[in-house]
Amino acid sequence: MTLAAAITQKFSPPPPPPDRGAAGNRGGAASRGCGVSNQSVIALVPIYEERLKQGQTEAVSVTKVWGLTNEEYPTFWFFVPYKKSTIDSIEFVLKDESSKPSQTLYRTIVTIPEVPGIISIPLSANTPPLQVDKMYHWFLKIKVICNPQQPVEQEYVEGWVQRANLNPKLVDSLKQATPQQRVNLYAQNGIWYDALTTLAELRLSKPEDSTLAVEWINLLKSVDLESLAKQPLIKCCQANAK
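Residues numbered from 1 in each chain as written. Predicted model: local features only at pLDDT ≥ 70, side-chain atom pairs only at ≥ 80, totals over all residues. Heavy atoms only, no water.

Caption draft 1: Highlighting the overall build of the chain. The helix and strand tally for the chain stands at five helices and ten strands. A compact globule built from 242 residues should have a C-alpha radius of gyration of about 18 Å, and the chain, at 18 Å, falls within 12% of that. Along the first, second and third principal axes, the C-alpha set of the chain runs to 55 × 55 × 40 Å. Counting all 242 residues of the chain, 48% fall into the buried class. Contacts in the chain between residues at least 24 apart in sequence constitute 69% of all its contacts with a sequence separation of at least 6. Accessible area for the chain stands at about 12,300 Å²; split by element, carbon and sulfur atoms hold 48% of it. Between the centroid of the 25 positive side chains of the chain and the centroid of its 23 negative side chains there is a distance of 1 Å. (Helix = DSSP H or I, 4+ residues; strand = E, 2+ residues; numbered from the N terminus. Rg over C-alpha atoms; globule rule 2.2 N^0.38 Å. Buried < 20%, exposed > 50% of the residue type's maximum accessible area, 1.4 Å probe, protein only. Contact = heavy atoms within 4.5 Å. Areas by Shrake-Rupley, 256 points an atom, 1.4 Å probe, with all protein chains shown as cover. Lys, Arg positive; Asp, Glu negative; His and termini not counted. Charge placed at Lys NZ, Arg CZ, Asp CG, Glu CD.)

Caption draft 2: Local environment of the packing of aromatic side chains. In this structure the tally under the stated criterion is eight aromatic pairs. Residues Tyr-48 and Trp-66 carry aromatic rings whose centres are separated by 5.9 Å and whose planes lie at 55° to one another, so their mutual orientation is tilted. With Tyr-48 in strand β2 (residues 47-54) and Trp-66 in strand β3 (residues 58-69), this pair connects stretches of sequence that are 18 residues apart. An aromatic cluster of at least three residues, connected via ring pairs, comprises Phe-76, Phe-78, Phe-92, Tyr-106, Trp-138 and Tyr-193. Taking NZ or CZ as reference, Lys-141 lies 5.7 Å from the ring centre of Phe-139, over its face. (Phe/Tyr/Trp six-rings, centres within 6.5 Å; stacked < 30°, edge-to-face > 60°. Lys NZ or Arg CZ within 6 Å of the ring centre and 35° of its normal.)

Caption draft 3: Quick look at the environment of Leu-220. Mapped onto the elements, Leu-220 comes out in helix α5 (residues 210-221). A relative accessible area of 0% places Leu-220 in the buried class. As for Leu-220 and Thr-198, which are separated by 22 residues in sequence, their C-alpha atoms are 13 Å apart. Apart from residues no more than four positions distant in its own chain, Leu-220 is found in contact with Leu-44, Trp-192, Leu-196, Leu-225, Glu-226, Leu-228 and Ala-229.

Caption draft 4: View of the side chain of Thr-69. By the element assignment, Thr-69 lies in strand β3. Those residues in contact with Thr-69 that sit more than four places away from it in its chain are Pro-74, Leu-130, Val-161, Gln-162, Arg-163, Ala-164, Ile-191, Tyr-193 and Asp-194.

Caption draft 5: Structural context of helix α4 (residues 192-205). Taking 1.5 Å per residue as the helical rise, α4 with its 14 residues ought to reach 20 Å, and the 20 Å between its terminal C-alpha atoms agrees with that figure. Burial within α4 is extensive, with eleven of its 14 residues counted as buried. The elements touched by buried residues of α4 are β3, β4 (75-80), β8 (135-144), β9 (153-163), α3 (179-188) and α5. (Expected span 1.5 Å × (residues − 1).)

The structure is reproduced here in structure tokens:
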């Protein structure tokens, strides 16, 4: 693959779920001074801003935080801007909202990263695999010690993951592709979580590769997360299932 090919490649977002499905919070609002450049935790997931009708005349604004995966056990990525000394705890939760009441499929306390940066949280193979076409609701909750004289503050982000039903032609192409080609196939076909994870793992294995660095910038830029492109990828975090 040429550098030019990497520069032009970007994520092609699929249509989001209809109505109010997948409403969430990607994060990114300014914090009270704990994080890097006063940033808060951010989930590396596409967002969709939509106006939905409410009644005959009114409309409400809904932010959808949602992406597709082809994996039974996908990996989730988050920017954590806090120093280790200011983090009290990190918790990740995955829920099946289709059952009534909603069912918690996975809950884990995450190892606190040594330095600020982008961390990954893989879904444990001890949990039920994601089912095709089903929506799952995830949460990342971080308790932060901004001021030792004040109570611990909790920040959280939430969004959704849906396992896609890939067409046979794409499945065959993915089987024959190199990891870098798979990034492009996933991105072109709107499979966000797998495009991000495959490219992030490539960057961790080849941190000096300039082509991968450009692809990383463009992938994040295509979902308005280019501000995170220079943040370090942290080889973290072990999850301890509860």
